[in-house]
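A closer look at the structure
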Amino acid sequence: MKPIGTVRRAQVITTYGVGGMIAIDEASYIVAGLDSWKLNKQQRIIEPRLQSALRVAELYLPPSENSFHGAAVRRFPEMYSCQGGSCNLLQEHRRFGGGSACVCGGSLIPSRFVVACEDGHLDDFPYRAWVHRGSEDGWCDRALHLVSTGRSASLRSIEIICECGRKASMEGAFRRSELGRLGIKCRGGRPWLGSSHRMAGCTKPPRTMQRGSSAAWFGVVRSSLAIPPWSSELHQMIDERFDMLAGESDETIARMAEKAGWLKGNVTAQHVIDAVRRREQLTAGVDPDDDGQLDDTLKVAEYEQLCTPATDDEIEQNHDFECVPAVGDPPAPQIVQVMQVNRLREVRALQAFTRVEPPSPADAGGRRASLSIGQLDWLPAMEVRGEGVFIRLDPTRLQSWESSTPVRERAGRIVANHQKLLDRRASTTGRDAPMSEVTPRTLLIHTIAHLLINEWSLDSGYSASAMRERLYTTGEMAGFLIYTATSDSAGSLGGIVRQATSDRLGRTLASALSRAEWCSADPLCMEADAAGADSLNLAACHVCSLLPETSCEHNNTLLDRGLVVGWPGSPQSGFFSA
């Protein structure tokens, strides 16, 4: 079958994943469930830690464009209107005859409006119910017409007219509770799985949104770094045949290893046996109870590796991970360790998606929309390679700083707003809201990572959108990794690791802190009581601290440069004030 359009592989994970809508030419489609994809089984990605955490057996690259493999799509929305012709009909696409133009000569345009609920369901906007609202005679089945009066650019100028004589503009359709007030309920639509796979009994109120709205699809993407020992050559060899080796006796494993030609150099049969047993233990690991635990489980092991310089033997055996101390001492007493990550490999997998609201720790399990009709043992994923710099803060200074009264009071404003958000989200699910895990340490490390990324975008040859942060702030962890990670070799040009040397990092850090002391939006920025989405920022704006959203773990929230450099009333309370 000839492809109807193309997107980059990375977009199938991050932008146009399963359940996401995509416009191709004058039509609109929704990416179908994984059951409908035609995979190339040769393009498997192996990352044992991520596979174990997500409880899947396989990860596969999204299919590339050719006649044999591809991600399936379905037409959505089904409602189209005739524009530029004489009829202005508004009806299902199939009733126009299946072509790209109306019989009157007008172009067929997909509906701009859809409805979705917080449980991930999606449907066409209920135009017939909307135009007949309040009618004592109920709905009729006469033809609908969509007319734009052109009197203004507002929704008031878009009118739905029924041939029975009733009409209504789209004004008010986007109010949060408007559809529910009219008695319009969620029908549990899951068009990415097919028209027959509706979820009956959904009680969540439907919300109107633009077809291209960013709130129509939030991907739940999990990622992990390939770290020793799983990135070693021995483990990579075992990965290819692990299904055959798992559960076998030591003697059988040794015999198979010898037959496969693995016993060469310093590799012995016992090395292979130990590696297989370790992989078995990982596969049988405990399934995390929630999202936070899943991410923390992956990051704890990464943090330990990033804090530990690799030996010459480890560097030789690991082609996906190389972490060595930076040249020179750390440039500030608040920093105890700087590591050059000369090579890294990151794997990102699409686990699920949500609509209307982004994923939250307060979500019920049912809010995550499924990627397939049945339970599959694989997920789409991509791998990216790059380089980075890991910076660890002094834990003793950090503990003293975050226990001070001014710091706790200032950070507490963001923590309180975050708790309110969790409470609000949990109230819609009937669950008890989890306690916010945001701490002064979280805000500090996140903000300094943003400041350095903005500074390095001027010095390293990479734009801010080409860099990403990976934060380690839970428990005793106190560090962050800034790295480039792209699907080609452009992420490993050395521009970032060169910034890790003591003299370069010292100049960069001094410049970043100097810029953070004053923002062109001050005093409004620094003295703001709340800023950002859901009031989860304090002193942070697009001028001083925000990044492209693809670079940030928290969608540009949980930021405050006041905790870094101090704020009016307590100028010495910033972690780097000295």
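Residues numbered from 1 in each chain as written. Predicted model: local features only at pLDDT ≥ 70, side-chain atom pairs only at ≥ 80, totals over all residues. Heavy atoms only, no water.

1. A short note on the overall build of the protein
- When you go through the protein residue by residue, the secondary structure sums to 15 helices and 20 strands.
- The C-alpha atoms of the protein give 27 Å as radius of gyration, which agrees with the globular expectation for 578 residues (25 Å, within 12%).
- Counting every position in the protein, which comprises 578 residues, the buried fraction comes to 51%.
- Summarising the internal contacts of the protein: among those between residues at least 6 apart in sequence, 69% fall at separations of at least 24.
- Of the side chains in the protein, 63 bear a positive and 70 a negative charge, and the two mean positions are spaced by 8 Å. (Helix = DSSP H or I, 4+ residues; strand = E, 2+ residues; numbered from the N terminus. Rg over C-alpha atoms; globule rule 2.2 N^0.38 Å. Buried < 20%, exposed > 50% of the residue type's maximum accessible area, 1.4 Å probe, protein only. Contact = heavy atoms within 4.5 Å. Lys, Arg positive; Asp, Glu negative; His and termini not counted. Charge placed at Lys NZ, Arg CZ, Asp CG, Glu CD.)

2. Examining the sheet that holds strand β10 (residues 122-124)
- Strands sit in the order β10-β9-β14 across an open sheet of 3 strands; the sheet is antiparallel. Edge strands, defined here as strands with exactly one partner in the open sheet, are β10 and β14 (207-210). Within this sheet the neighbouring strands show an average axis-to-axis angle of 40°, counted without direction.
- Relative to β14, strand β9 (residues 113-116) runs antiparallel, the two sharing 4 bridges. When the sheet's bridge partners are listed, V115 is paired in β14 with T208. (Pairing = 2+ DSSP bridges. Axes fitted to C-alpha atoms, helices over the stretch in contact; angles between N-to-C directions.)

3. Thoughts on the packing of helix α13 (residues 440-459) against helix α14 (residues 502-517)
- Between α13 and α14, the shortest axis-to-axis distance is 9 Å and the interhelical angle comes to 115°. With respect to α14, the element α13 is oriented roughly perpendicular. With respect to the hand of their crossing, α13 and α14 are arranged in right-handed fashion. Counted together, I448, L451, L452, E455, W456, L458 and D459 of α13 and L505, T508, L509, S511, A512, L513, R515 and A516 of α14 form the full contact between these two elements. (Parallel < 35°, antiparallel > 145°, perpendicular 65-115°, else oblique. Left-handed = near helix turned anticlockwise from the far one by under 90°.)

4. Remarks on the pattern of salt bridges
- The full count for this structure, using the stated rule, is 31 salt bridges.
- Across the salt bridge formed by E322 and R343, the nearest N and O atoms sit 2.8 Å from each other. In this pair, E322 sits in strand β16 (residues 322-325) while R343 sits in strand β17 (residues 335-354), placing the two residues 21 residues apart along the sequence.
- Judged by its relative accessible area of 29%, R343 falls in the partly exposed class.
- E383 is the partner of R345 in a salt bridge, and the nearest nitrogen-oxygen pair spans 2.7 Å. (Salt bridge = Lys/Arg side-chain N within 4 Å of Asp/Glu carboxyl O.)

5. Observations regarding α14
- Relative to the 22 Å expected for 16 residues at 1.5 Å per residue, α14 spans 22 Å between its end C-alpha atoms, a close match to the ideal helical length.
- Buried-residue contacts for α14 involve β17, β18 (378-393), α13 and α15 (562-565). (Expected span 1.5 Å × (residues − 1).)

6. A look at the packing of helix α11 (residues 395-402) against α13
- Across the interface, α11 lies against α13 with an axial gap of 10 Å and an inter-helix angle of 120°. Judged by the inter-axis angle, α11 sits oblique to α13. Handedness of the crossing formed by α11 with α13: right-handed. Touching L398, Q399, W401 and E402 of α11 are P440, R441 and L444, all from α13.
- Looking at the contact of α11 with α13, its residues break down into 4 nonpolar, 1 polar and 2 charged. (Nonpolar A, V, L, I, M, F, W, Y, C, P; charged D, E, K, R; others polar.)

7. Comments concerning the sheet that holds strand β1 (residues 21-24)
- Spatial ordering of the open sheet is given by β1-β2-β5, a layout of 3 strands whose pairing is antiparallel. One side of each edge strand has no neighbouring strand; the edge strands of this open sheet are β1 and β5 (73-75). For this sheet, the mean angle separating the axes of adjacent strands, direction not counted, is 40°.
- Taken together, the 3 bridges between strand β2 (residues 27-31) and β5 define a ladder with antiparallel strand orientation. Residue pairing in the sheet places Y29 in a bridge with R75 of β5.

8. Topic: the nonpolar core
- L59, F390, I391 and F480 are the most contacted members of the largest nonpolar core, which has 105 residues in total.
- Every residue in contact with F390, bar those within four places of it in the chain, is listed here: Y303, L306, C307, Q337, V338, M339, V341, Y472, G479, F480 and L481.
- Counting 20 residues, the second-largest nonpolar core is a separate cluster that includes F125, V131, L146 and A173. (Core = buried A, V, L, I, M, F, W, Y, C linked by side-chain atoms within 4.5 Å.)

9. Brief notes about the environment of D295
- By secondary structure assignment, the location of D295 is in helix α9 (residues 291-307).
- Among the residues examined, D295 registers a relative accessible area of 28% and is labelled partly exposed.
- Distance in space between the C-alpha atoms of D295 and K185 is 35 Å, their sequence separation being 110 residues.

10. Section: a negative patch on the surface
- On the surface, a cluster of negative charge is contributed by E233, D312, D313, E314 and E316.
- Residue contributions to the negative patch peak at 4 residues, all from helix α10 (residues 312-317).
- Structurally, D313 is set in helix α10.
- When its relative accessible area of 51% is taken as the criterion, D313 is described as exposed. (Patch = residues over 30% accessible without salt bridge, like charges linked within 9 Å, V, L, I, M, F, W, Y side chains within 5 Å. Areas by Shrake-Rupley, 256 points an atom, 1.4 Å probe, with all protein chains shown as cover.)

11. Comments concerning the packing of aromatic side chains
- Scanning all chains against the criterion turns up 12 aromatic pairs.
- Here the aromatic rings of F125 and W130 are separated by 5.8 Å at their centres, their planes lie at 65°, and the arrangement is edge-to-face.
- Here the aromatic residues W37, Y60 and W378 are joined through ring pairs into a cluster of three or more.
- Between R133 and the ring centre of W130, over which it is positioned, the NZ or CZ distance is 3.9 Å.
- In this arrangement the basic side chain of K299 is found over the ring face of Y472, its NZ or CZ atom lying 5.8 Å from the centre. (Phe/Tyr/Trp six-rings, centres within 6.5 Å; stacked < 30°, edge-to-face > 60°. Lys NZ or Arg CZ within 6 Å of the ring centre and 35° of its normal.)

12. Some details on the side chain of R190
- Along the chain, R190 falls in the loop between α4 (178-181) and β14.
- In this structure R190 is buried but unpaired, with D35 as the nearest side chain of opposite charge at 9.2 Å.
- There is a polar contact of 2.8 Å between the side chain of R190 and the backbone oxygen of H197. (Polar contact = N/O pair within 3.5 Å; in protein donor to acceptor, adjacent residues only side chain to side chain.)

As far as function goes, none of this settles anything; it's purely spatial.
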